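In case you want the letters, here they are:
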Amino acid sequence: MQNRIREWRERRGLTMHELGQRVGTEASQINKLEKGSRRLTAEWMGRLARALDCAPADLLVPDHLPTAGGELGETAGLPPLAPHPAAPLSPATLPAPTQPTGFVTEPAHETATPPGATPRDLPVYGAAMGGDDGAFDFNGTVNEYVARPPILAGVANGYAVYVQGESMEPRYFAGELVHVNPNRPITPGCFVVVQIRTGDPHVPTRGLIKQFVRRTASRLHLRQFNPRGELEHELGQVLSIHRIVGASDYG
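This next bit is on helix H4 (residues 42–52). Taken residue by residue, H4 has Trp44, Met45, Gly46, Leu48, Ala49, Ala51 and Leu52 as its buried positions. If you follow the buried residues of H4, they end up packed against helix H1 (5–11), helix H2 (16–23) and helix H3 (27–35). Residue aspartate 53 follows H4 closely and has a positive phi angle near 55°.

Moving on, we get to the nonpolar core. In terms of nonpolar packing, the biggest core is built from 20 residues, with Leu19, Leu40, Leu48 and Leu59 touching the most fellow members. Among the elements of the structure, H1, H2, H3 and H4 are those that each provide at least two residues to this core. With six residues, H4 is the largest single contributor of residues to this core. Among the nonpolar cores identified, the runner-up in size contains 15 residues, and Val163, Met168, Tyr172 and Val180 belong to it.

Moving on: the pairing of strand S6 (residues 205–215). The buried fraction of S6 amounts to nine of the 11 residues, a majority that puts the element mostly inside the structure. For strand S5 (residues 191–197) and S6, the ladder comprises seven bridges, and the chain directions are antiparallel. Across the sheet, the residue bridging to valine 193 is isoleucine 209, located in S6. Bridge analysis of S6 against strand S7 (residues 219–225) gives four bridges, and the strand direction is antiparallel. Counterpart to arginine 215 in the pairing with S7 is leucine 220.

Right, let's get into the pattern of salt bridges. With the rule as written, the count across this model stands at eight salt bridges. We note a salt bridge from aspartate 121 to arginine 148, for which the minimum N-O separation is 3.1 Å. Note that aspartate 121 is positioned in the loop between H4 and strand S1 (122–128) and arginine 148 in the loop between strand S2 (136–146) and strand S3 (159–162), a separation of 27 residues in sequence. A single burial state applies to aspartate 121 and to arginine 148, both of which are buried. A single network of salt bridges, built from pairs that share partners, joins Arg9, Glu34 and Glu176.

The rules behind these values
Residues numbered from 1 in each chain as written. Predicted model: local features only at pLDDT ≥ 70, side-chain atom pairs only at ≥ 80, totals over all residues. Heavy atoms only, no water. Buried < 20%, exposed > 50% of the residue type's maximum accessible area, 1.4 Å probe, protein only. Helix = DSSP H or I, 4+ residues; strand = E, 2+ residues; numbered from the N terminus. Contact = heavy atoms within 4.5 Å. Core = buried A, V, L, I, M, F, W, Y, C linked by side-chain atoms within 4.5 Å. Pairing = 2+ DSSP bridges. Salt bridge = Lys/Arg side-chain N within 4 Å of Asp/Glu carboxyl O.

Listed below in structure tokens is the structure:
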């Protein structure tokens, strides 16, 4: 069954893991519910709606809204997402990231935002490269703009990237959108987007989403979950380390 769980989860700035914690299940179950491979029952709709602060019907696409009799049927339309409290920035106020990010960015495009709606002004960087480590091309090209979650309200250099590959499951799944705050401190155990110099003039930098372990005088140590292991990179190859933020980072 098609649904809007992912749309609402990303609007609230939650990862699958964080939403799973709110409803008492695993991230893998949230992934199945979003993809429609697990049946979205009335009980699941109620639990998810409470966690996402929306009405249960908001989680369904029009053709799957319940009718008055309680069965699935057609409807005239689905109300738009309600804006989440935030103080979003206008695209015109967003300066291009500067070093040490290493990005060469495209300018934000001015678009008219309907009254009361959340501006889609948060840039999404990166394109898939493939590989077992989930690396992606991190050349600074803006792929699209998405709604800014409250956790990044007022963060002019905030951005988002899509997870590539399965190397961080069950924490992050392929296709999941993660939000990044370059200004947050890096602490052991936090999850990060790392920009690595490749030495290849055609693909000068690559991005990795990993868990930060430690940093020594000469090396950066990262952890991945699938297959589980620790990765090392020479600090001279590391262009930037930025923290992924979510619901647990409020405050």
